[in-house]
Amino acid sequence: MRITTAKMHFLGLCTSILATTNFAAAAPNPTDLIRKAEFHSRGESVEARMTMTVVRGSQERNLEIKLWSEGKDKAVVKILSPAKDRDTGNLRLKFDLWQYLPNLERTIKIPPSMMLQSWMGSDFTNDDLVKTTSLERDYAHKLVGEETIDGTKCYKLELTPKPNAPIAWGKINVWLRNPDAVTVKHEYFSENGELAKVMTGSNFKNYGKHTVATKMSMRLPRKAENETRIEYKELKFDDPIPAKTFSQEFLKKRAKN
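Because the structure is predicted, anything quoted here is derived from the model rather than measured.

The rules we used
Residues numbered from 1 in each chain as written. Predicted model: local features only at pLDDT ≥ 70, side-chain atom pairs only at ≥ 80, totals over all residues. Heavy atoms only, no water. Helix = DSSP H or I, 4+ residues; strand = E, 2+ residues; numbered from the N terminus. Buried < 20%, exposed > 50% of the residue type's maximum accessible area, 1.4 Å probe, protein only. Contact = heavy atoms within 4.5 Å. Lys, Arg positive; Asp, Glu negative; His and termini not counted. Charge placed at Lys NZ, Arg CZ, Asp CG, Glu CD. Salt bridge = Lys/Arg side-chain N within 4 Å of Asp/Glu carboxyl O. Core = buried A, V, L, I, M, F, W, Y, C linked by side-chain atoms within 4.5 Å. Pairing = 2+ DSSP bridges. Phe/Tyr/Trp six-rings, centres within 6.5 Å; stacked < 30°, edge-to-face > 60°.

Caption draft 1: Spotlight on the overall build of the protein. Helix and strand content of the protein: five helices and 13 strands. Principal axes of the C-alpha set define a box for the protein whose edges measure 90 × 40 × 35 Å. Put simply, the protein has 257 residues, and 44% of those count as buried. Counting only contacts in the protein whose residues sit at least 6 apart along the sequence, the fraction spanning at least 24 positions is 48%. Taken together, the 42 basic and 32 acidic charged side chains of the protein have centroids lying 1 Å from each other.

See the structure below:
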């Protein structure tokens, strides 16, 4: 029996529609993926010790940092070294952010307009360190496909800010490991659609129910000679943190090594 060209086109169209339908049915919910990714990185609480290396061409600057966070509303970051920056720190309570300057013995409030500004001259922003925004709460999520990064199968998602988002990029592309939704890579775009910076993670480790990249690199495409690297030296999830930690009084106290 002969199959006409029209019938062949019709069969091909049906096959394509069926394949697309099957993929859509099997594809995970993008909001569920983002929720899982934030669970891995935030948990109920985080206490971490890390190093930050700021590269500017042939020059490097190194910082040692302590971080505490609880849920999505509380965070403290304090610098342990070098000596000239020791005890400089930030406190976030919901959408309010303060910075303590030990040399001036002064605490100043950081306005929302400064949340996407550089933190301590690095390629990470104030928001990157204290996580004022939530990818789950403040962005709409779209699963755009699957890609492989350095041999790791990933879901690729496109995130666009919701109208009421307090601080937001114009768009964020996110790659999450398949199937556990561990964050592998972020691309951040400005409001005019320009790629502003790229963060990649490596050296993934398990901490109980949480899996995270213990090494992160942030690069700015327009400044190829610059890079900021963060490496976690100690990391604890879900342990109770004293309430007094998230206070201006604690922010002013000398940091313990």
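Caption draft 2: Quick peek at the pattern of salt bridges. Evaluation of the coordinates by the stated rule reveals 24 salt bridges. For Lys84, the salt bridge is made with Asp85, and the minimal N-O distance between the two is 3.3 Å. For Asp85, a relative accessible area of 10% translates into the label buried. Glu194 is the partner of Arg222 in a salt bridge, and the nearest nitrogen-oxygen pair spans 3.8 Å. Of this pair, Arg222 sits in the loop between β12 (210-220) and β13 (223-237) while Glu194 sits in the loop between β10 (183-189) and β11 (195-207), and the two are 28 residues apart along the sequence. Residue Arg222 is classed as exposed on the basis of its relative accessible area of 62%. A relative accessible area of 35% places Glu194 in the partly exposed class. Here the residues in one salt-bridge network are Asp32, Arg35, Glu38, Arg42, Lys72 and Glu136, joined through shared partners.

Caption draft 3: Representation of the nonpolar core within the structure. The biggest cluster of nonpolar side chains holds 42 residues, and the ones touching the most others in it are Met52, Trp119, Leu159, Ile172 and Leu176. Top contributing element to this core by residue count: strand β1 (residues 45-56), with five residues. Beyond its immediate sequence surroundings of up to four residues, Trp119 is in contact with Met52, Leu63, Ile65, Val77, Ile79, Asn90, Phe124, Thr125, Asn126 and Leu129. The next biggest cluster of nonpolar side chains, apart from the first, holds nine residues, and it includes Leu91, Trp98, Phe246 and Leu251.

Caption draft 4: Molecular detail of the pairing of β1. Among the 12 residues that make up β1, nine are buried, leaving the element largely enclosed by the rest of the structure. Note: β1 against strand β2 (residues 59-70), 12 bridges, orientation antiparallel. By the bridge assignment for β2, Arg56 is matched with Gln59. Turn length for the β1-β2 hairpin, with the two strands adjacent in sequence and antiparallel, is two residues, and the turn residue Gly57 shows positive phi of about 65 degrees. Across 11 bridges, β1 lies against β13 in antiparallel orientation.

Caption draft 5: Geometry of the packing of aromatic side chains. Under the defined criterion, the tally for this structure stands at three aromatic pairs. Their ring planes at 90 degrees and their centres at 5.2 Å tell us that Trp68 and Phe250 sit as a pair that is edge-to-face. Of the two residues, Trp68 sits in strand β2 while Phe250 sits in helix α5 (residues 248-252), which places them 182 residues apart along the sequence. The exposure class of Trp68 is buried, given its relative accessible area of 11%. Overall, the relative accessible area of 19% leaves Phe250 in the buried class. On the numbers, 6.2 Å between centres and 55 degrees between planes, the contact of Tyr207 with Phe237 is tilted. One end of the pair, Tyr207, is in strand β11; the other, Phe237, is in strand β13, with 30 residues separating them in the sequence. Taking relative accessible area as the criterion, Tyr207 reaches 24% and is therefore assigned partly exposed.

Caption draft 6: Main features of the pairing of β2. Here seven bridges tie β2 to strand β3 (residues 74-81), and the two strands are oriented antiparallel to one another. Pairing of Ser69 across the sheet is with Ala75, part of β3. The turn joining β2 and β3, which pair antiparallel and follow one another in sequence, is formed by three residues; a positive phi near 55 degrees is taken by Gly71.

Caption draft 7: Quick look at unusual backbone geometry. Cis geometry marks the peptide bond from Ser81 to Pro82; its omega dihedral reads 10 degrees. As for its position among the elements, Pro82 is in the loop between β3 and β4 (89-93). Here Asn178 and Pro179 are connected by a cis peptide whose omega angle stands at 15 degrees. Looking at the secondary structure, you find Pro179 in the loop between β9 (171-177) and β10. The backbone phi angle of Lys131 is positive, close to 55 degrees, even though this residue is not glycine. With respect to the secondary-structure elements, Lys131 resides in the loop between α3 (126-130) and α4 (135-138). Residue Lys131 is classed as partly exposed on the basis of its relative accessible area of 35%.

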